[in-house]
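A closer look at the structure
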Amino acid sequence: MASAPQQSLPLFYNQLEPLSSQVHADFRTRSTDRAPFLASQHAVPVTVEEFPLVQRFMPIVFSVGDDPVPLALMGLNEGVNTFFDAEGKLVDPNFYVPAYIRRYPFLLARLRPDSDELSLCFDPTSDVVGNFEEGEKLFDGTEPSEVTKNILQFNEQFETAGARTSQFMRELKELGLLIDGEVSIQPDGAAQPFIYRGFMMVDENKLNEMRGDQLRKIVQNGMLPLIYAHLFSLAQMRELFARQMRAGWQPEVQLVG
């Protein structure tokens, strides 16, 4: 049986297996109200389409390295998630769950390095897909069920959004707008502020000093509202700090994007 490449699997995925009407004819997918893999996850990738919604709940920052990606922060320290409890259940239902989380355990993957064709795969270690008696059938005979067609469509839309996000990041880098981020938070009664680093952000000063032609370009291609969504979202850092404190997490002077 063919299998998806296992090296460098994306975040949350332990294994990948192509979905097949021959092998998985009796498989179903069932709903769940918990995601244990999120319990100690402090950051998750997001796409540019999600920025307007994400900024209402979480800070949007960019990872460090040669190929930065946008990340929504659910905690300011590794292992801290203020929106999901120890079982992976949402603490507050009034929350936008990023698409990266919602697509799990499914994923479009390239099975052969010499082909651009993507196949719908799933993580067989997940407990929401399997040969269950309950849940939605993935196949009607040899044909994909409506559920599977909807899963495929969602994953295709996610790939398209991912491509637009990659283009957005390339243009941010080309314009030289990304800088090392730093946030200082001094709670009441603290002798020293807590300094959080280890992420990248847009340099607002450089944005304000852009040439007219550069500014016109990012207005015309839709980048400017996304940049401001990111900048506005940074105000959520202090709320995230307060959430950690209310949950009993002792603050630490570090942030890993």
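Up top is the structure.
Attention in this report is confined to the structure presented alongside it. Small disclaimer: the values here were computed from a predicted structure and weren't measured. (Residues numbered from 1 in each chain as written. Predicted model: local features only at pLDDT ≥ 70, side-chain atom pairs only at ≥ 80, totals over all residues. Heavy atoms only, no water.)

This brings us to the sheet that holds strand 7 (residues 118–122). Strand order in the open sheet made by the three strands is 1-7-6, with antiparallel pairing throughout. Each edge of the open sheet carries a strand with a single partner, namely strand 1 (17–18) and strand 6 (106–110). (Pairing = 2+ DSSP bridges. Helix = DSSP H or I, 4+ residues; strand = E, 2+ residues; numbered from the N terminus.)

Of the consecutive residues Y104 and P105, the connecting peptide bond is found in the cis state with omega at 10 degrees. Within the fold, P105 resides in the loop between helix 2 (99–103) and strand 6. Of note in this structure, F12 is not a glycine but carries a positive phi near 90 degrees.

Next up on the list: helix 7 (residues 236–246). Where helix 7 is concerned, the buried positions are Q236, M237, L240, F241, R243 and Q244. All buried residues of helix 7 fall inside an arc of 160 degrees around its axis, so they share one side. (Buried < 20%, exposed > 50% of the residue type's maximum accessible area, 1.4 Å probe, protein only. Arc of directions from axis to C-beta.)

The strands that make up a sheet are held in pairs by hydrogen bonds between backbone atoms, and each pair lies either parallel or antiparallel. Taken together, three strands build an open sheet; the order of strands is 8-2-9 and the sheet is antiparallel. Every interior strand has two partners, whereas the edge strands, strand 8 (129–130) and strand 9 (136–137), have only one. Relative to strand 9, strand 2 (residues 28–29) runs antiparallel, the two being bridged by two bridges. Considered in strand 9, the bridge of T29 is made with E136.

Within the secondary structure layout, R103 lies in helix 2. For R103, the side chain forms a polar contact with the side chain of Y13, separated by 3.4 Å. What R103 contacts, discounting residues up to four positions off in sequence, is P10, Y13, F154, N155, F158 and E159. (Polar contact = N/O pair within 3.5 Å; in protein donor to acceptor, adjacent residues only side chain to side chain. Contact = heavy atoms within 4.5 Å.)

With that settled, the discussion passes to the pairing of strand 5 (residues 70–73). Here strand 5 shows two buried faces, one formed by P70 and A72 and the other by L71 and L73. Both strand 3 (residues 43–45) and strand 5 contribute to a ladder of three bridges, which runs antiparallel. Looking at the pairing, P45 lines up with L71 of strand 5. Summarising the sheet, strand 4 (residues 60–62) and strand 5 pair through three bridges and their orientation is antiparallel. By the bridge assignment, V61 is partnered in strand 5 with L71.

Attention now goes to the nonpolar core. Residues F51, F62, F168, L172, I227 and M237 are the most contacted members of the largest nonpolar core, which totals 61 residues. With six residues, the top contributor of residues to this core is helix 6 (residues 223–233). One finds L108, L120, V128 and F139 within the second-largest nonpolar core, a separate group that totals 11 residues. (Core = buried A, V, L, I, M, F, W, Y, C linked by side-chain atoms within 4.5 Å.)

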